[in-house]
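# Observations on the three-dimensional arrangement
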Amino acid sequence: MAQCWSKSVLSDIKLSIETDSTDEAPSVTVLHHLGLDDEVVTTVRWDELDRSIEPDHLTSLWIRCSPRRLPPS
């Protein structure tokens, strides 16, 4: 997901995937300022997504899709 420019956008993304107490919270890779001197690539817990980084227009996410959440073939 590209252009995750605000904490409210991150929060909306986080809330769009339902997890319950039996699910292990997924992790997400944050790609911030790729190709610049202050580039950061880090992995954060799903529940910390909108609290652990200061996003801007050069913030993207790589979210691993869980096979349990894919529709049946």
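Summarised in this report is the structure supplied together with it.

Definitions and limits used
- Each chain has its residues counted from 1, running along the sequence as written.
- The predicted origin of the model limits local features to residues at a pLDDT of at least 70 and limits the giving and counting of side-chain atom pairs to 80 or more, whereas totals for whole chains, interfaces and linings rest on all residues.
- Each side-chain value is derived from all of the structure's non-hydrogen atoms; neither hydrogens nor water enter the calculation.
- Think of a nonpolar core as a cluster: buried Ala, Val, Leu, Ile, Met, Phe, Trp, Tyr and Cys residues, connected wherever their side-chain atoms sit within 4.5 Å.
- Each residue's exposure class comes from its accessible area (1.4 Å probe, protein chains only) as a fraction of the maximum for that residue type: buried when under 20%, exposed when over 50%, partly exposed otherwise.
- Segments assigned H or I by DSSP are reported as helices when at least four residues long, segments assigned E as strands when at least two residues long, and all are numbered from the N terminus.
- It only takes one pair of heavy atoms within 4.5 Å for two residues to be counted as in contact.
- It is the directions from the helix axis to the C-beta atoms whose arc is reported.
- In this scheme, strands are said to pair when DSSP sees at least two bridges between them.
- Note on method: axes are straight lines fitted to C-alpha atoms, helices fitted across the in-contact stretch only, with angles between N-to-C directions ranging 0 to 180 degrees.

Now for the nonpolar core. Core analysis: the largest hydrophobic core is formed by ten residues, namely Cys4, Leu10, Ile13, Val28, Val30, Val44, Trp46, Leu49, Ile53 and Leu61. Those elements that provide at least two residues to this core are α1 (7–16) and β1 (27–32). Apart from residues no more than four positions distant in its own chain, Val44 is found in contact with Ser27, Val28, Val30, Leu49 and Ser52.

Mapped onto the secondary structure, His33 falls in the loop between β1 and β2 (40–45). What makes His33 buried here is its relative accessible area of 12%. Those residues in contact with His33 that lie beyond four places of it in its chain are Asp38, Glu39, Asp56 and Leu58.

Take α1 next. Taken together, the buried positions of α1 are Leu10, Ser11, Ile13 and Lys14. Along the axis of α1, the buried positions cluster into a sector of 160 degrees, meaning they face one direction only. Across from the buried face of α1, at angles greater than 90 degrees, the exposed residues are Asp12, Leu15 and Ser16. Those residues of α1 that are buried lie in contact with β3 (59–63).

Backbone-to-backbone hydrogen bonds join strands into a sheet, with any given pair of strands oriented parallel or antiparallel. A sheet is described by the order of its strands in space; here three strands give the open sequence β2-β1-β3, paired in antiparallel fashion. Both outer strands of the open sheet, β2 and β3, are each paired with one neighbouring strand and no more. Sheet twist, expressed as the mean angle between neighbouring strand axes with direction ignored, is 25 degrees. Judged from the five bridges that link them, β1 and β3 form a sheet pairing that is antiparallel. Note on β3: the bridge partner recorded for Val28 is Ile63.

Phi at Gln3 is positive, roughly 55 degrees, even though this residue is not glycine. Mapped onto the elements, Gln3 comes out in the segment before α1. Using a relative accessible area of 56% as the deciding quantity, one classes Gln3 as exposed. Phi at His33 takes a positive value of approximately 60 degrees, unusual for a residue other than glycine.

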